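# Summary of the model geometry
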Amino acid sequence: MKTLRIGTRNSPLALAQSEWVASQIEAASVGDIKCELVSMTTSGDQLQDRSLLAAGGKGLFTKELDIALEENRVDILVHSLKDVPVELPVGQRIIAYPVREDPRDAFVSLKYESFDDLPEGATLGTSSLRRRAFALARRPDLKVVEFRGNVQTRLKKLGDGVADATFLASAGLNRLSLEEKVGRALDPNTFLPAVGQGILGIAAYPDQLDEDVLKCVASLNDVSAERAAIAERAALYELDGSCRTPIAAHLFHEGTGVYRLIVRTADPSGTPFYEAEETLEGLELFLQDFHEMGLSAGRKLREQAGGKLPHLETE
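Residues numbered from 1 in each chain as written. Predicted model: local features only at pLDDT ≥ 70, side-chain atom pairs only at ≥ 80, totals over all residues. Heavy atoms only, no water.

## Describing the sheet that holds strand β5 (residues 105-108)
Read across the open sheet, the 5 strands follow the order β7-β6-β8-β5-β9; overall the sheet is mixed. Since the sheet does not close on itself, it has two edges, and those belong to β7 (143-145) and β9 (184-185), each with one partner. By the bridge criterion, 3 bridges tie strand β6 (residues 123-125) to β7 in an arrangement that is parallel. When the bridges of β7 are listed, Thr123 appears paired with Lys143. Sheet strands in contact with helix α5 (residues 129-138) are β5, β6, β7 and β8 (165-169), and its direction is about 125 degrees off that of β8. (Pairing = 2+ DSSP bridges. Helix = DSSP H or I, 4+ residues; strand = E, 2+ residues; numbered from the N terminus. Contact = heavy atoms within 4.5 Å. Axes fitted to C-alpha atoms, helices over the stretch in contact; angles between N-to-C directions.)

## Regarding the sheet that holds strand β4 (residues 93-96)
Spatially, β2-β1-β3-β10-β4 is the arrangement adopted by the 5 strands of the open sheet, whose pairing is mixed. Each end of this open sheet is capped by a strand with a single partner; those strands are β2 (33-40) and β4. Here the average twist between neighbouring strands, direction ignored, is 35 degrees. In this structure, strand β3 (residues 76-80) lies alongside strand β10 (residues 200-204), joined through 4 bridges in antiparallel fashion.

## Some points on the nonpolar core
With 37 residues, the main nonpolar core has Leu251, Val263 and Phe290 as its most contacted residues. Of all the elements in the fold, those that place two or more residues in this core are α4 (63-70), α9 (223-238), β11 (247-255), β12 (258-266), β13 (273-281) and α10 (287-304). With 6 residues, the top contributor of residues to this core is α9. Non-local contacts of Phe290, meaning those with residues more than four positions away in its chain, are made with Arg227, Ile230, Ala231, Leu251, Tyr259, Leu280 and Leu285. (Core = buried A, V, L, I, M, F, W, Y, C linked by side-chain atoms within 4.5 Å. Buried < 20%, exposed > 50% of the residue type's maximum accessible area, 1.4 Å probe, protein only.)

## With respect to unusual backbone geometry
For the peptide bond that leads from Thr271 to Pro272, omega is 0 degrees, which places it in the cis range. Here Pro272 lies in the loop between β12 and β13. With phi around 50 degrees, Val30 is a residue other than glycine that occupies positive phi space. Tracing the chain through its elements places Val30 in the loop between α1 (12-28) and β2. The backbone of Asn72 sits at a positive phi, close to 60 degrees, despite the residue not being glycine. You can see Asn72 is positioned in the loop between α4 and β3.

## Focus on α5
Counting buried positions along α5 gives 7 out of 10 residues, so the element sits mostly inside the fold. Three or more residues of α5 are buried, namely Leu129, Arg130, Arg131, Ala133, Phe134, Ala135 and Leu136.

## Things to note about the environment of Glu71
Mapping Glu71 onto the fold places it in the loop between α4 and β3. Polar side-chain contacts of Glu71 include one of 2.9 Å to the side chain of Arg73. (Polar contact = N/O pair within 3.5 Å; in protein donor to acceptor, adjacent residues only side chain to side chain.)

In structure tokens form, the structure reads like this:
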């Protein structure tokens, strides 16, 4: 029996995701592989009092994991794809995108039933520039405060009255079995999700994996999730997206052979607001088609914004 070391953040959500991946790998290997979780605290996890932008960007959630993989202390990594920079370390590849969880944002409050129920001047807690910008685009009267921490920490902050409401990823709530206790899923057309939200990315150096292990892990790949990941991340790449720029992108499957990619950005204050869309149709489509779709949508959005994307100058 072969042991596969899985690198993961040590947050409850990351551990739940990695345990699920481990169970899928062990089942697919029919007893030939035993998975071992190697958890660690990343630089991003240690941030509680300031934004990712102020500390250096979303790569802080993968830095320590990438180092462990490079030093051969783990064999694969399990990421929430929305936390992964579009450019991976040299030689590292995402070898599987398991089936996508619910990609929607969820409105969470202990006081109000929905986003529209928030009274004028209510306090919204979020560390996401995207969520802040798009919330203010709809409700410029809201007061936004920094809101960092894992799911449990943010729920505690709501209970302590730090904010009247927040947004969390429905995928995370589902994976923690909290979907029926907290959260109200938002219409993805109105509140466009983050790039890759709800998708897991299993990363590795393919040439360092045993061939049988590589095939087993790769068998977890879901075509629909992979297509969405490629299209959405291509748009982000074209836009040179960073934590300084609020960007959302989501691939909608409209029916047999019909896909629609929507990309949005906005000034951190909520205005101006820009949107671009690209469609793709065909019964025989390749990953390159989705990559080009994302690049095209990104270019359209940049043109909409007059060539310069809105971004946060200071934090």
